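One-letter residues, chain by chain:
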Amino acid sequence: KLVIKNAQAGDNASAKFNDVVYGYYLVYPAQGSTSTERHTDAMLVNIPGVKGDPNVTWNIKSEYPTVDKAIVDNPEQGLGSLGVGVDDSWEGNHGMELDSLVPIAAGLGVNGQTANVGDLLTFKLTSPVPDMTGYDQYAFILHDTLSKGLTLLNSATDPKVVVKVDGKNLTGDDYTRSGSAELDGTTKLTIDLSKYLTANKQLAGKNIEVWYQAKVNGQAVIENPNTNDVYVEYTTAPGQTEGGVHDKTFTYTFGFALDKRAGDVNGKPLAGAVFKVYADTNKNGGYDAGVDTVIKFAEGTDGNAGKWVVSENGVDVVTIPEGGKLNLAGFAAGTYFVEETKAPEGYNKLAAPIKVVIAATIDDTGALADDDPVIDYGDAANGIADANGTTTDCNDGHSVVVVNKSGALLPETGGMGTIALTVVGALAIIGGVVWAVRRKRSVR
């Protein structure tokens, strides 16, 4: 128990606490509640540490409504398995049939996650039923804003949600839901539980749970967070409402450039090479032909113009343009394999796919660690430090340098074409020897 003696209250019924160290504090009136009806005015106060700044903002959690938002595991049987009145037919399929989400501990959810464009994410809102003692009418409205990189399912104007209060599935008669597509590309989702909660004041303190889903789309920003922001609008006095503390989740997707060079990493740029990119489907760290999933791409638009973005309905091959560099985007953290299917004319095709590993660290708040993501490729991705592999530099947009050598293919590269050339060459030599021997005999 910490008693702060230098708190000073003035005529405006406020109190000031000086020289308080960073941390969490339970603040309540020493003489008890200031309300004979609400029983308690205890508040959990967070005093955050901001280095070099003596004036900080308090994030207060009290008996007044708050909401917690998290990204949770996708239900195995879809949202319809969580509640009534939801038709599973509206749910989208996973973009690439790949589970890009990292394991979510104990089903509690996370504030930050990486995802491929096309991945389906499930969001969960949790809030306690407020104490509505003394109110004949009480407003309780959840306002959620999805950034333009997230597409609400079923649609912006027909959102599909599952709502539970104290474990009970609510029907469409118990609450209202609405959604709208905004001019700035964001989507607004509103869930109004005022009527139900006002009629069920005895549930104060019980859990409100709301689930909905969204897909990461081709407008997702790369490396910066795609945010999802929620707050509660609640009654503060008869006829008056206020917006509570906001809570956010962050979804990240990444990209890298294929930088095609002739001869060595500093050689002239090359155009015309054709590539496929595969995801490490079985997560064994090695390329498995026929097992690993080819990723499709579509040309990016708006903020992603100039990039080829992961797309469910795109093409499975990409071609290096003039200038020798092609930007790819829309990847979750994970392992990928870049296969050259056609080399520029006059150059040898790569004998094996290049391994590319995208690694990112996200803390409990959902923030991405400084200088992340780290993208390794070639032998560096296999833990071998040599000239054939490297860690990309954030300043150059994570370029994966791909080098082609000019000249004829060598037999030891192992391609069927080179074996055929070898056989043809050997036959030509033998034929030449036979011709020389016959000619010599005929001269005699």
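Residues numbered from 1 in each chain as written. Predicted model: local features only at pLDDT ≥ 70, side-chain atom pairs only at ≥ 80, totals over all residues. Heavy atoms only, no water.

## Side note on the confidence of the model for the chain
When the pLDDT values of the chain are averaged, the result is 80; 70% of them are 70 or greater. For residues 87-107, every residue scores under 50 in pLDDT, and the model assigns this stretch 51 contacts once sequence neighbours within four places are set aside. Below a pLDDT of 50 lies the segment residues 410-419, which in the model reaches six contacts outside its immediate sequence neighbourhood of four places, other chains included. (pLDDT = per-residue confidence, 0-100. Contact = heavy atoms within 4.5 Å.)

## Quick look at the side chain of Thr253
Along the polypeptide, Thr253 turns up in the loop between β18 (247-252) and β19 (254-262). Here Phe331 takes part through its backbone nitrogen, which lies 3.1 Å from a polar atom of the side chain of Thr253. Leave out the neighbours within four places in its chain, and Thr253 touches Ala115, Asn116, Val117, Ala220, Val221, Ile222, Glu223, Asn226, Gly330, Phe331 and Ala332. (Helix = DSSP H or I, 4+ residues; strand = E, 2+ residues; numbered from the N terminus. Polar contact = N/O pair within 3.5 Å; in protein donor to acceptor, adjacent residues only side chain to side chain.)

## Quick word on the environment of Ser147
Within the secondary structure layout, Ser147 lies in the loop between β9 (140-146) and β10 (150-152). Note on Ser147: relative accessible area 13%, which makes it buried. The spatial distance from the C-alpha of Ser147 to the C-alpha of Thr251 is 10.0 Å, given a sequence separation of 104 residues. In contact with Ser147, other than residues within four places in its own chain, are Gly185, Thr186, Asn226 and Thr227. (Buried < 20%, exposed > 50% of the residue type's maximum accessible area, 1.4 Å probe, protein only.)

## What about unusual backbone geometry?
Note the cis peptide between Leu153 and Asn154, where omega equals 0°. Turning to its location among the elements, Asn154 is positioned in the loop between β10 and β11 (161-165). In this structure, the amide linkage connecting Asp372 to the following residue, Pro373, adopts the cis form with an omega of 5°. Topologically, Pro373 is positioned in the loop between β27 (354-359) and β28 (374-377). Despite not being glycine, Glu223 shows a phi value in the positive range, around 75°. You can see Glu223 is positioned in the loop between β15 (207-216) and β16 (226-237).

## Observations concerning the packing of aromatic side chains
Taken as a whole, this structure holds seven aromatic pairs when the rule is applied. Ring centres of Tyr135 and Tyr138 lie 5.5 Å apart, and the angle between their planes is 75°; on these two criteria the pair is classed as edge-to-face. With a relative accessible area of 13%, Tyr135 lands in the buried category. Tyr138 sits in the buried class, given a relative accessible area of 4%. Relative to Tyr336, the ring of Phe331 lies with its centre 5.0 Å away and its plane at 65°, an arrangement referred to as edge-to-face. Exposure class is identical for Phe331 and Tyr336. Each is buried. Sitting over the face of the ring of Phe123, Lys69 holds its NZ or CZ atom 5.3 Å from the ring centroid. (Phe/Tyr/Trp six-rings, centres within 6.5 Å; stacked < 30°, edge-to-face > 60°. Lys NZ or Arg CZ within 6 Å of the ring centre and 35° of its normal.)

## Comments concerning the pattern of salt bridges
Under the defined criterion, the tally for this structure stands at eight salt bridges. As a salt-bridge pair, Lys69 and Asp144 come within 2.5 Å of each other at their nearest N and O atoms. Of this pair, Lys69 sits in strand β6 (residues 68-72) while Asp144 sits in strand β9, and the two are 75 residues apart along the sequence. Using a relative accessible area of 0% as the deciding quantity, one classes Lys69 as buried. A residue is classified by how much of its surface remains accessible, and Asp144, at 2% relative accessible area, is buried. Lys248 serves as the salt-bridge partner of Asp229, at 3.9 Å between the closest nitrogen and oxygen. Residue Asp229 is found in strand β16, and its partner Lys248 is found in strand β18; the two are separated by 19 residues along the sequence. (Salt bridge = Lys/Arg side-chain N within 4 Å of Asp/Glu carboxyl O.)

## Digging into the pairing of β15
Among the ten residues in β15, nine count as buried, and that is most of the element. Here nine bridges tie strand β8 (residues 120-128) to β15, and the two strands are oriented antiparallel to one another. Each residue of the ladder has a partner; that of Pro128, found in β15, is Asn207. With three bridges joining them, β10 and β15 adopt antiparallel strand pairing. (Pairing = 2+ DSSP bridges.)

## Here we look at the sheet that holds β19
If you trace the five strands from one edge of the open sheet to the other, you get β22-β23-β25-β19-β30, paired in mixed fashion. Both edges of this open sheet fall to β22 (297-299) and β30 (399-404), since each of them pairs with a single strand only. When the angles between neighbouring strand axes are averaged without regard to direction, this sheet yields 30°. (Axes fitted to C-alpha atoms, helices over the stretch in contact; angles between N-to-C directions.)

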